[in-house]
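Observations on chain architecture
So you can see what is in the structure, the chains are spelled out below.
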Number of protein chains: 2
Amino acid sequence: MAIRFAKRMEGLKESEIRELLKLTEKPEVISFAGGLPAPELFPIEEMKEISKIVLEESGTQALQYSTTEGFQPLREKIARRMNSKNKTNVTKDDILITNGSQQGLDFAGRVFLNEGDIVLCESPSYLGAINAFKSYGSKFIEVPTDKDGMIMEALEKILEVTENVKMIYVIPDFQNPTGITWTLERRKKFIEIISKYEIPVLEDNPYGELRFEGESIPSLKSMDKKGLVIFLGTFSKILCPGYRLGWTCASQNILKKFIFVKQVADLQSSSISQREVSKFIDLYNLDNHVKKINEVYARRRDLMLETMKEEFPEGVEYTYPEGGLFIWVELPKHLDSRIIMKDCLANNVAYVPGGSFFPNGGTENCFRLNYSNMSDDRIVEGIKRIGLILRKYMAVKQNI
Amino acid sequence: MAIRFAKRMEGLKESEIRELLKLTEKPEVISFAGGLPAPELFPIEEMKEISKIVLEESGTQALQYSTTEGFQPLREKIARRMNSKNKTNVTKDDILITNGSQQGLDFAGRVFLNEGDIVLCESPSYLGAINAFKSYGSKFIEVPTDKDGMIMEALEKILEVTENVKMIYVIPDFQNPTGITWTLERRKKFIEIISKYEIPVLEDNPYGELRFEGESIPSLKSMDKKGLVIFLGTFSKILCPGYRLGWTCASQNILKKFIFVKQVADLQSSSISQREVSKFIDLYNLDNHVKKINEVYARRRDLMLETMKEEFPEGVEYTYPEGGLFIWVELPKHLDSRIIMKDCLANNVAYVPGGSFFPNGGTENCFRLNYSNMSDDRIVEGIKRIGLILRKYMAVKQNI
C-alpha cells in the first residue's frame, strides 16, 4: 500500500524551472535568473550593533514566544511607513507580521480559495504566487497587460462573463516578472471595477519603494473604500531577506482570518528578528538605506539596458522598468526561451525562461532578467553572451 | 455582497480558550496556563557573542535568501543529535528546517489531509495540532491513554473498524497536555500495528530531551522500518523559542512533499536564525545547557507536586511527569474546570481548562498545569490558591 497524500498535493510537481535554476548556482555562471537583492548593500555592521542592543535591552522577550499578530512597535512603524509611502490610512491593528510576503500570498490562498475557484492575475504574473494559489486547487484567468499595467477593458469583460472569481492578484509597482508599473488612471479604474463586483484584491508590493525615477503612484489599498484590498509588504527588498519578515495589511474582517491561519501555521514570526528590524528603523534611516539601494540598482538597470540595446538583435523587445528588480524580454513567437536557456547555461549565463510566469502556460518566447544581484562587469559580459546566442537563433530563422 | 472565504475557514473560530488566556497575561496573575520556557535560562550573553560572530564571518549569506530545505550544517547537526538522542539513523537529507515544530504540524495536515479524513490522536492531545488539522477539515478519533501512553488494544480496535484513517498524531515523550511518556513495550506494539496498516505517523517530540529522571526511551522514528514515521523536533524548548526554529525528519517520499509545501508557504526559514543556532551548537555545549534547564524544571515540578499533595483536596488526581513542562489534573466528573477557572482568575491564578485538548469535546473535568515558567515562590502561592478554590468546589458537592 502506498502512502496516500492529500488531493491538493497532486498539483505540486517537481518544478522543471527549479531544477534548471539549480544549475545557475555555480559561481562561474553569470546569473540574471534569481530575484536576489545585492548582498553588498546589506547593513551588516548596523545589524551587529543592533543585535547586541536588542539582546541587552530585551533579551528575555526577544528569545521568548510572543504574540501571533507580531511585535507591536514594528507594526506601528509599518503602518506609519505605509501611510507615508503608499498613501494609506492604516494603524498597527491592520497589520499582521508574516515570514516574508510569500507567507501572505500563501495565507491569501488558504483564506479565500476552494478547489476550482478562479483567481484573476496579470499575464504574466509572479511564479511564487501562482504556485501558492495552485496548491489550493485554484484555476487562473490571465488578464492581458500592456506597458501601463493590467488592461481594464479586458478585466471588465472577464468579470462580466465569469462566475466564481474569488480573488484578483496584482503587482502594480515594478511587476514581477515584467517590471511594469500601473498608471494612476488604471488604478482608479481598477478600484471602480472591483468595488462594483466586490472581489477581494491581493496587492503585492515588494518593490514599490525601489523607484529610480518618476513619482510614486498611490497604492490600490489607499484608494479602496470597501476594504477589499489586501496589501502585502516585505523587508526583504528594502533591508534584507535573511530575517524573513513581511506583513499583510487588510481590513479587520479579512485580517482576522489571516491571524487565525498564522496561529495554526507557525504561531508567530521570529520574536528576535522582529525586534531587530524594529530597532534598525529606530536607530538608522531606512529611507537613506533604500536610497543607497536605488542608486546601485538604477545604475545596473541602465547598464543592462544599454548593453541590451547594443548586443541584442533587432526583433527582441523588452520593458523599461522605472524601478524594481526585473526586465522582461520578448522574442519572436517562434523562439522558445527554454531551448535557448540550454545554450546560455553552456556559456555560463542564465535567465528565467518566461513560461512559468503564465499560470495557464503556452507562452515560451520570453524570459526574465534580474539586474540587482550582479556586478557591473558581469552584467555587461552576461548580456553580451546572451546577445550572441540570441543573434544565432534569430539568424537561423531568417535562413529558413 | 459579503466577502466569500474558503470553506476551510468555517472551522476556525474565535477560540474561547484564547480569549481566556489573554486574561492570564496581566503581571499580577500567577499563570500556569502557558507552555513557555523559563526565560531566565535563555543564553542571552552567548547569543550576543554569536550574532556578532555570524555577521562577521558570513554576514552577506546570513542576511540573504537561502535554500528551502535549510542551512546544511544545521541540518547535519540535527541529524547527528537525533541519532544520538532519539536512536535514529538519519542524515541531513532527511531533515527540513521549519518555523518551530508548529509549522511541521501544519504541513503534515496540508500534505496528508483531505476534508473529512480521519486523524487518530491520544485523548487528550495537543491543542495547536488539533487546530492545525481541523483547519484542513479533518475529523478525529481519540484513542484512550493511560499512564503508559496510548492503549494499543484500543488503537487496534479502532483501526479494525475504521476506513479512511489518514494519519496518527502522537506525542510519546512527556505528552502535552498530560506529561505522560509511552513505555518501550507500547512503542514496539505501536510500530507493529502501524506497519501492518501502513498509516503515516506524526511523532511530535518537542520535550524529549527534557527528562529529569529515568532512562530515555527510543523514538518511534528509530523503530520504523517502513518510512511511515515523521518526526518533529524543535529548538524552542532546548534553547529558546524566539528564533522559531524546528525541524521535520521524514523518509524521502514524504519529506519531498513537505519541501514543496515549505517552498510555497514561505520559501525558507530565517537564514540568520539558522546560522546563529548552528553556531551556538558549535561554540557551546547544548547538552550542558539542556542539563541546566532540566535541573530547574525538575525542582519546579517537584515543588508543584509537593504543594499539590498538601493543598489539593482528596479526589483530585494528577499525573507524575518524568520530564517536559506539564502536569495534568483530573477532577471528579461533575466539576467543570472552565467554571472553576473564573474563580481562579478572580484570585489571580490560572491554568488551561482541559476541554480544548479533546478534539471531539465533552470532557471538562480536567486542566493542564505548566511548571516551567514560574518562580518557586509563585508556584507555591499559586497552587495554594487553586487548592483553596478546589476545596470549595469539592465541598459544595459533598453538601448536596
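Rules behind the numbers
Residues numbered from 1 in each chain as written. Chains lettered and ligands numbered in written order. Predicted model: local features only at pLDDT ≥ 70, side-chain atom pairs only at ≥ 80, totals over all residues. Heavy atoms only, no water. Helix = DSSP H or I, 4+ residues; strand = E, 2+ residues; numbered from the N terminus. Expected span 1.5 Å × (residues − 1). Bend = angle between axes of the 7 residues up to and from the residue. Buried < 20%, exposed > 50% of the residue type's maximum accessible area, 1.4 Å probe, protein only. Contact = heavy atoms within 4.5 Å. Least-squares fit on C-alpha atoms with pLDDT ≥ 70 in both. Domains from an automatic or database assignment. Buried area = accessible area lost by both parts, 1.4 Å probe. Salt bridge = Lys/Arg side-chain N within 4 Å of Asp/Glu carboxyl O. Pairing = 2+ DSSP bridges. Axes fitted to C-alpha atoms, helices over the stretch in contact; angles between N-to-C directions. Polar contact = N/O pair within 3.5 Å; in protein donor to acceptor, adjacent residues only side chain to side chain. Parallel < 35°, antiparallel > 145°, perpendicular 65-115°, else oblique. Nonpolar A, V, L, I, M, F, W, Y, C, P; charged D, E, K, R; others polar. Lys, Arg positive; Asp, Glu negative; His and termini not counted.

Because an α-helix completes one turn every 3.6 residues, residues spaced three or four positions apart along the sequence face the same direction. Along its 20 residues, helix α2 (residues 44–63) of chain B runs just 21 Å from first to last C-alpha, ending more than 12% under the 28 Å computed at 1.5 Å per residue. Of all the bends in α2(B), the greatest measures close to 85° and is centred on B:Glu57. Among all positions of α2(B), only B:Ile44, B:Met47, B:Lys48, B:Ile50, B:Ser51, B:Ile53, B:Val54, B:Leu55, B:Ser58, B:Gly59, B:Ala62 and B:Leu63 are buried. Elements that come into contact with the buried residues of α2(B) comprise α2 (44–63) of chain A together with α10 (271–283) of chain B.

So, on to the relation of the copies chain A and chain B. Superposition record for chain A on chain B: RMSD 0.0 Å, screw rotation 180°, translation along axis 0.0 Å. Taken together, the rotation and translation describe the operation of a two-fold axis. Scanning chain A for the C-alpha nearest the rotation axis identifies A:Ser51, at a separation of 3.3 Å. Most of the interface of chain A is mirrored in chain B, where 100% of its interface residues are also at the interface.

The next subject is the domain arrangement of chain A. Residues and elements named next belong to chain A. Domain parsing of chain A yields domain 1 (14–42 + 288–399) and domain 2 (44–283). If you average the C-alpha positions of domain 1 and of domain 2, the two centres end up 26 Å apart. Each side of the interface is counted separately: domain 1 has 29 residues, and domain 2 has 33 residues. Carbon and sulfur atoms make up 63% of the area that domain 1 and domain 2 hide from each other, which totals about 2,600 Å². Here domain 1 and domain 2 share two salt bridges between them. Between Glu213 and Arg301 there is a salt bridge; the shortest N-O distance is 2.8 Å.

Turning our attention to the sheet that holds strand β3 (residues 118–123) of chain B. All names here are of chain B. A sheet is described by the order of its strands in space; here eight strands give the open sequence β2-β9-β8-β7-β6-β3-β4-β5, paired in mixed fashion. Since the sheet does not close on itself, it has two edges, and those belong to β2 (95–98) and β5 (149–150), each with one partner. Pairing of strand β7 (residues 201–204) with strand β8 (residues 229–234), which is carried by four bridges, proceeds in the parallel orientation. Bridge pairing links Glu203 to Phe231 in β8. Each of β2, β8 and β9 (246–249) is contacted by helix α3 (residues 72–85), which is oriented at about 115° to β2, the strand it contacts most.

Residue and element names in this part refer to chain B. The strand order β10-β11-β14-β13 describes an open sheet built from four strands, whose pairing is antiparallel. The outermost strands of the open sheet, each flanked by one partner alone, are β10 (317–318) and β13 (352–353). Pairing analysis gives two bridges linking β10 to strand β11 (residues 326–330), with the strands arranged antiparallel. Bridge pairing in β11 links Glu317 to Glu330. Against the sheet, helix α11 (residues 286–311) makes contact with β10, β11 and β14 (366–370), and its axis sits at roughly 20° relative to β11, the strand it touches most.

A separate point is the interface of chain A and chain B. Residue-level contacts link 81 residues of chain A with 81 residues of chain B. Carbon and sulfur atoms supply 59% of the area that chain A and chain B bury against each other, a total of about 6,800 Å² over both sides. It is A:Phe5, A:Leu63 and A:Tyr65 that lose the most area in chain A upon contact with chain B, and together they represent 10% of the buried surface on that side. Applying the counting criterion to the chain A and chain B interface returns four salt bridges. Between A:Asp106 and B:Arg110 there is a salt bridge, with its nearest N and O atoms 2.7 Å apart. Taken together, chain A and chain B are joined by 37 residue pairs in polar contact (both at pLDDT 80 or more). Secondary-structure elements contributing two or more residues to the side of chain A that touches chain B are α2, α4 (100–112), α5 (127–134), β6 (165–170), α9 (252–266) and α10 (271–283) of chain A.

Let us now look at the environment of A:Pro359. Residue and element names in this part refer to chain A. Summarising the element assignment, Pro359 is placed in the loop between β13 (352–353) and β14 (366–370). Put simply, Pro359 and Lys134 are 225 residues apart on the chain and 8.8 Å apart in space, counted from C-alpha to C-alpha. Not counting residues up to four positions away in its chain, the partners in contact with Pro359 are Cys121, Ile130, Lys134, Phe140 and Glu142.

Another point: the pattern of salt bridges. With the rule as written, the count across this model stands at 54 salt bridges over all chains. Across the salt bridge formed by B:Glu57 and B:Lys279, the nearest N and O atoms sit 2.7 Å from each other. Taken together, the positions of B:Glu57 in helix α2 and B:Lys279 in helix α10 put the pair 222 residues apart, joining distant regions of the chain. Of the residues examined, B:Glu57 reaches a relative accessible area of 53% and is grouped as exposed. The class of B:Lys279 is buried, set by a relative accessible area of 16%. Via salt bridges that share partners, A:Glu40, A:Arg299, A:Arg300 and A:Asp376 belong to a single interconnected network.

As a further point, take the packing of α9(A) against helix α4 (residues 100–112) of chain B. Two quantities define a packed helix pair, namely the angle between the axes and the distance from one axis to the other. The geometry of α9(A) relative to α4(B) is characterised by a closest axis approach of 5 Å and an angle of 105° between their N-to-C directions. Classified by the angle their axes make, α9(A) and α4(B) are roughly perpendicular. On α4(B), the residues that touch A:Gln263, A:Val264, A:Ala265 and A:Asp266 of α9(A) are B:Gln102, B:Gln103 and B:Asp106. Of the residues that constitute the contact of α9(A) with α4(B), the class distribution is two nonpolar, three polar and two charged.

We now examine the side chain of B:Asp224. Residues and elements named next belong to chain B. Topologically, Asp224 is positioned in the loop between α8 (220–223) and β8. The charged side chain of Asp224 is buried without a salt bridge, its nearest counter-charge being Lys221 at 4.5 Å. Polar side-chain contacts of Asp224 include one of 3.2 Å to the backbone nitrogen of Gly227. With residues up to four places along the chain from it excluded, the contact list for Asp224 reads Ile191 and Val229.

Residue and element names in this part refer to chain B. With respect to the element layout, Glu142 can be found in strand β4 (residues 139–146). Here Glu142 sits buried without a salt bridge, and the closest side chain of opposite charge, Lys134, lies 8.0 Å off (N-O distance). A polar contact of 2.7 Å, which involves the side chain of Glu142, links it to the side chain of Ser123. Excluding residues that lie within four positions of it along the chain, Glu142 makes contacts with Cys121, Ser123, Ile158, Phe358, Pro359, Asn360 and Gly361.

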